[in-house]
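Each chain is listed here by its residues.
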Amino acid sequence: ITGNKSSKNLEREESCSLIANDLVKKLREYSTAFYAESKPRLFSITLTGSLAWEVKPQSTADADVMLVTRFYDILIKRKYERYMKARLPGIEMDVGVYPASRIREEKSLFLYDTKHHGIILAGNDALKLITEITVEDLYPFEGFRLLLNRIKDLLHRSKIILQQT
């Protein structure tokens, strides 16, 4: 095994990159419009996950978004999900809500990754609010939580593959 990628694999990765880039552009466009409508409630809309980390996703049909609110506001999540579903119906969205005060204090792997790889889609730069932490600062259960999330993802993907066969 040489480790070289075939031209077919390179073409597929390039195609996925183009699709991912188009999705990020659309997310930014629609999130900016949503932010303008909801500005008193929202501080920022931030893209997280594989699209933000520039990892070549196996499926570009999902997006992870963090809504940073000025105060705790769980209703904004449902409003954003409905807004985006009407504009991007084929995209699966995982939306989380974080009050600005929480992202200043929490020491989670999610916020660590978001600070270093997140993309601001609309609003203020919430990445500056996230406390700079090292791996040693992370809560002890973060590794276990990450492992459980990966197991859940694998089981979900296995279920989809079994349904397709």
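Residues numbered from 1 in each chain as written. Predicted model: local features only at pLDDT ≥ 70, side-chain atom pairs only at ≥ 80, totals over all residues. Heavy atoms only, no water.

**Re the pattern of salt bridges**
Piece 1. If you walk through the whole model with that rule in mind, you get four salt bridges.
Piece 2. Among the ionic pairs, R41 bridges to D73, the shortest N-O distance being 2.7 Å. Highlighted residues: R41 in the loop between helix 1 (7-38) and strand 1 (42-48) and D73 in the loop between strand 2 (62-69) and helix 3 (75-87), separated in sequence by 32 residues.
Piece 3. Here E106 makes a salt bridge to R102, at a shortest N to O gap of 2.6 Å.
Piece 4. According to the relative accessible area criterion, R102 is partly exposed, its value standing at 35%. (Salt bridge = Lys/Arg side-chain N within 4 Å of Asp/Glu carboxyl O. Helix = DSSP H or I, 4+ residues; strand = E, 2+ residues; numbered from the N terminus. Buried < 20%, exposed > 50% of the residue type's maximum accessible area, 1.4 Å probe, protein only.)

**Describing the sheet that holds strand 2**
Piece 1. Spatially, four strands are ordered 3-2-1-4 in an open sheet, and the strand pairing comes out mixed. Every other strand in the sheet has two partners, leaving strand 3 (92-99) and strand 4 (119-123) as the edge strands with one partner each. Here the average twist between neighbouring strands, direction ignored, is 25°.
Piece 2. As paired elements, strand 1 and strand 4 share four bridges and run antiparallel to each other. Residue pairing in the sheet places I45 in a bridge with A122 of strand 4.
Piece 3. Along the sheet face, helix 3 touches strand 1, strand 2, strand 3 and strand 4 and points at about 150° away from the line of strand 3. (Pairing = 2+ DSSP bridges. Axes fitted to C-alpha atoms, helices over the stretch in contact; angles between N-to-C directions. Contact = heavy atoms within 4.5 Å.)

**Structural notes on the side chain of T69**
Piece 1. Turning to its location among the elements, T69 is positioned in strand 2.
Piece 2. One polar contact links the side chain of T69 to the main-chain carbonyl oxygen of F71, over a distance of 2.6 Å.
Piece 3. When neighbours within four sequence positions are excluded, T69 is seen to be in contact with R41, L42, F43, I76, V97, Y98, P99 and A100. (Polar contact = N/O pair within 3.5 Å; in protein donor to acceptor, adjacent residues only side chain to side chain.)

**Structural notes on a nonpolar patch on the surface**
Piece 1. A cluster of nonpolar side chains, F144, L147, L148, I151 and L155, forms an exposed patch at the surface whose accessible area comes to about 510 Å².
Piece 2. As for its position among the elements, L148 is in helix 6 (residues 142-164). (Patch = residues over 30% accessible without salt bridge, like charges linked within 9 Å, V, L, I, M, F, W, Y side chains within 5 Å. Areas by Shrake-Rupley, 256 points an atom, 1.4 Å probe, with all protein chains shown as cover.)

**Comments concerning the packing of aromatic side chains**
Piece 1. Overall, the coordinates contain three aromatic pairs when judged by the stated rule.
Piece 2. For the ring pair Y98 and F110, a centre distance of 5.5 Å and an interplane angle of 20° mean the geometry is stacked. Here the residue Y98 occupies a position in strand 3, and F110 occupies one in helix 5 (residues 109-117), the gap between them amounting to twelve residues.
Piece 3. For Y98, a relative accessible area of 11% translates into the label buried.
Piece 4. You can call F110 partly exposed: its relative accessible area is 26%.
Piece 5. One aromatic cluster is present, built from ring pairs that chain together F34, Y80 and Y83.
Piece 6. One residue, R87, lies across the ring of Y83, its end atom 3.5 Å from the ring centre. (Phe/Tyr/Trp six-rings, centres within 6.5 Å; stacked < 30°, edge-to-face > 60°. Lys NZ or Arg CZ within 6 Å of the ring centre and 35° of its normal.)

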